[in-house]
Amino acid sequence: MPIKAGFGPIWAGSAISTVGTRTLGVAYPLLALVQTSSPAAAGWAGFALTLPILLFYVPGGFLVDRISPRRVILWVEAGRLLSVASVLVAMMFGGPSLTHLLLAAAVEGSLWVLYTLAESALLPAMVQPARMHSALAKSEAASHFASLAGRPLGGYLFGVGRFVPFVVNSVLFAVSYALFFGWGRDTGRHPNRPSRLRDLAEGFRELTKLPFLGGSIVVTTFTNLMVNTLIMIYVAGSGDMSSLKVGIVLAAGGVGGVLGSALSFVLPPVRGVLRLHLWIWAFALVLAAFGTYVSLPSYFFALALVATGIGGALSNVAIRSVEVHKVDPATLARVVGVSRLSSYGAFCFAAPLGGFMVAWGDVQGGSAVLCLLMLAAAGLSFWPPIGARLTPLLPPDLPRPELPRLPRMLGAHRLSRDLVPSPGVER
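Residues numbered from 1 in each chain as written. Predicted model: local features only at pLDDT ≥ 70, side-chain atom pairs only at ≥ 80, totals over all residues. Heavy atoms only, no water.

Looking at an unreviewed UniProt entry, the protein carries the name MFS transporter, with the source organism given as Nonomuraea bangladeshensis.

Here it is, written out as structure tokens:
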């Protein structure tokens, strides 16, 4: 059963838009630093980009559930284009001011939140159920490729000229807009009742009906906090390393994400994916802690980030599959908003926590504490009273994914009793 016509251009538009976001995530803080010669200003620009994660995921989900996701994406891409263009125009007159720059960064962050919600809500209209798993794996891979390309591209383009990343992003957002506009189909929302303030909480109520998604929020929030704290510990202890070496180590997570997405594309999901997720993280943090004791932190931190990238991609595809297949489309964006608020919100606390750990016990001590915490959490997943809530299995009635030819020939559908069974088949 093929992916519905039009998915290719939408996938391309999503990848292009994500590259633009990652590029601007570097360009805005660098421009603030150059304009003001103040590291604090660069920090404020980075904060302005990430603050919308805490503020707008829940209300943004409410908005996307009320109107067409495609229309939201068109508004978003047009708004991002105008925001970047305003910075370019200000540069012609010696600007932008710090206030203008912070506002532009906040607009970019806010519109990106809406974009991710609308993209998630748009998928059910684009992809047949049996091909959804493969489509989600491709989407996950595109996100990691975009992160790998976007961040170094942003630094490189800014080095060529401070205006260059903003010119390039104007083109990227215009192309993304054209691709979504050319798709030409609205999946319009038609609410059968007026909006009410308590509808904002519908995403939270929906999650109580789906134990797997409830457990996934706890697991991904905790592990996101752990891995980003680990990254902060590594960065804080990298004073005697070259920036190139630090960048290569941090890019390892994206490499792992691409590898995990490839595995998701060719293999069926494991029903115990949340428990697998926890133990992959535990293994990764053991590697990182061991690296500090043998005085090879960079190599082992890189291996740890590759492992977390693989585990994160596997679990992300499974979680998004449950969201798409099991959540009422009328509330999908709100459910996704609650999930992203929690898991991405962990990023905001990782930097101060990592800094505190380095100040308290240096890189070695901080890595050891994270390792012990992660091992304890993974161990709890085997204790029935906790494990049943923390790491519930994937729902057994998900549509069986259509896999590429080679894995089927190799009998990939018989790899484990934990694989998702076909509807109506009991294990």
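**Student:** Would you mind going over the overall build of the protein in detail, with residue names and values included?
**Tutor:** Within the protein, the regular secondary structure consists of 14 helices and zero strands. Along the protein, from the amino end to the carboxyl end, the secondary structure elements read α-α-α-α-α-α-α-α-α-α-α-α-α-α. Out of the 427 residues in the protein, the part that is buried amounts to 52%. In the protein, 86% of the contacts between residues at least 6 apart in sequence involve partners at least 24 apart. Carbon together with sulfur atoms contributes 70% to the accessible area of the protein, which is approximately 18800 Å² in total. (Helix = DSSP H or I, 4+ residues; strand = E, 2+ residues; numbered from the N terminus. Buried < 20%, exposed > 50% of the residue type's maximum accessible area, 1.4 Å probe, protein only. Contact = heavy atoms within 4.5 Å. Areas by Shrake-Rupley, 256 points an atom, 1.4 Å probe, with all protein chains shown as cover.)

**Student:** Which residues make up unusual backbone geometry, and what values go with them?
**Tutor:** Cis peptide bonds are those with omega within 30 degrees of zero, and the linkage from Gly95 to Pro96 qualifies with 0°. For Pro96, the position within the fold is in the loop between helix 3 (69-92) and helix 4 (98-126).

**Student:** I'd like a description of the nonpolar core, backed by residues and values.
**Tutor:** Membership of the largest hydrophobic core comes to 43 residues, with the highest contact counts inside it found for Val64, Phe212, Leu213 and Leu394. If you tally residues by element for this core, the top one is helix 4, at 11 residues. Ala252, Trp281, Phe300 and Ala302 belong to the second largest nonpolar core, which has 33 residues in total. (Core = buried A, V, L, I, M, F, W, Y, C linked by side-chain atoms within 4.5 Å.)

**Student:** Report on helix 2 (residues 39-66), specifying residues and quantitative values.
**Tutor:** Residues spaced three or four apart along an α-helix face the same direction, because each turn holds 3.6 residues. With 28 residues, helix 2 should cover 40 Å at 1.5 Å per step; its first-to-last C-alpha distance of 41 Å lies within 8% of that length. Where helix 2 bends most, at Phe56, the angle is about 60°, and the proline Pro59 comes one to four residues later. (Expected span 1.5 Å × (residues − 1). Bend = angle between axes of the 7 residues up to and from the residue.)

**Student:** Account for empty space enclosed by the protein, with residues named and values stated.
**Tutor:** With the rule as written, the count across this model stands at two cavities of 30 Å³ or more. Approximately 80 Å³ is the volume attributed to the largest cavity. Taken together, 13 residues form the lining of the largest cavity, with His133, Pro269, Ser321, Pro399 and Pro401 sitting closest to its centre. Of all the secondary structure elements, the ones that give two or more residues to the lining of the largest cavity are helix 5 (132-160) and helix 11 (297-326). Ranked by residues supplied to the lining of the largest cavity, first place goes to helix 11 with four residues. By volume, the second largest cavity is sized at about 30 Å³. As for the second largest cavity, its lining consists of Ser120, Arg320, Glu323, Val324, Leu332, Val336 and Arg340. Elements that contribute at least two residues to the lining of the second largest cavity include exactly helix 11 and helix 12 (332-380). When grouped by side-chain class, the residues that make up the lining of the second largest cavity number three nonpolar, one polar and three charged. (1 Å grid on protein atoms, 1.4 Å probe; cavity = no way out; pocket = protein on both sides within 12 Å on 5 of 7 lines; lining within 4 Å. Points joined across faces, edges and corners; volume = space filled by probe spheres on them. Nonpolar A, V, L, I, M, F, W, Y, C, P; charged D, E, K, R; others polar.)

**Student:** Give me the pattern of salt bridges: which residues, what numbers.
**Tutor:** What the rule picks out here adds up to five salt bridges. For Glu108, the salt bridge identified is with Arg80, shortest N-O distance 3.0 Å. Here the residue Glu108 occupies a position in helix 4, and Arg80 occupies one in helix 3, the gap between them amounting to 28 residues. By relative accessible area, which is 3% here, Glu108 ends up buried. A salt bridge links Arg340 to Glu323; the nearest nitrogen and oxygen atoms lie 3.2 Å apart. You can see Arg340 sitting in helix 12 and its partner Glu323 sitting in helix 11, a full 17 residues away along the chain. Arg340 sits in the buried class, given a relative accessible area of 12%. Connected through salt bridges with shared partners, the residues Glu77, Arg80 and Glu108 form a single ionic network. (Salt bridge = Lys/Arg side-chain N within 4 Å of Asp/Glu carboxyl O.)

**Student:** How would you sum up the packing of helix 8 (residues 211-236) against helix 11? Please name residues and give values.
**Tutor:** The N-to-C vectors of helix 8 and helix 11 enclose an angle of 160°; their axes lie 11 Å apart at closest approach. Taken together, helix 8 and helix 11 sit at an angle that is classed as roughly antiparallel. Relative to helix 11, helix 8 is oriented so that their crossing is left-handed. Contacts between helix 8 and helix 11 involve Phe212, Leu213, Ser216, Thr220, Val227, Leu230, Ile231 and Tyr234 from the former and Ser298, Phe301, Ala304, Leu305, Thr308, Ala318, Ile319, Val322 and Glu323 from the latter. Residues belonging to the contact of helix 8 with helix 11 are distributed by class as follows: 12 nonpolar, four polar and one charged. (Axes fitted to C-alpha atoms, helices over the stretch in contact; angles between N-to-C directions. Parallel < 35°, antiparallel > 145°, perpendicular 65-115°, else oblique. Left-handed = near helix turned anticlockwise from the far one by under 90°.)

**Student:** Talk me through the packing of helix 5 against helix 11; I want residue IDs and the actual numbers.
**Tutor:** Contact geometry for helix 5 and helix 11: axes closest at 9 Å, N-to-C directions at 130°. One element, helix 5, and the other, helix 11, form an angle in the oblique class. As for the relative orientation of helix 5 and helix 11, their crossing is right-handed in sense. Only Gly312, Ala313, Asn316, Val317, Arg320, Ser321, Val324 and His325 of helix 11 make contact with helix 5, whose side of the interface consists of Met132, His133, Leu136, Ala137, Ser139, Glu140 and His144. Looking at side-chain class alone, the contact of helix 5 with helix 11 contains six nonpolar, seven polar and two charged residues.

**Student:** Got a sec to walk through the packing of aromatic side chains? Specific residues and values, please.
**Tutor:** On inspection of all chains with the given rule, the structure shows six aromatic pairs. A centroid spacing of 5.5 Å and a plane angle of 65° characterise the contact between Tyr28 and Phe166, whose relative ring orientation is edge-to-face. Note that Tyr28 is positioned in helix 1 (residues 7-36) and Phe166 in helix 6 (residues 164-183), a separation of 138 residues in sequence. Tyr28 gets classed as buried once you look at its relative accessible area, which sits at 0%. (Phe/Tyr/Trp six-rings, centres within 6.5 Å; stacked < 30°, edge-to-face > 60°.)

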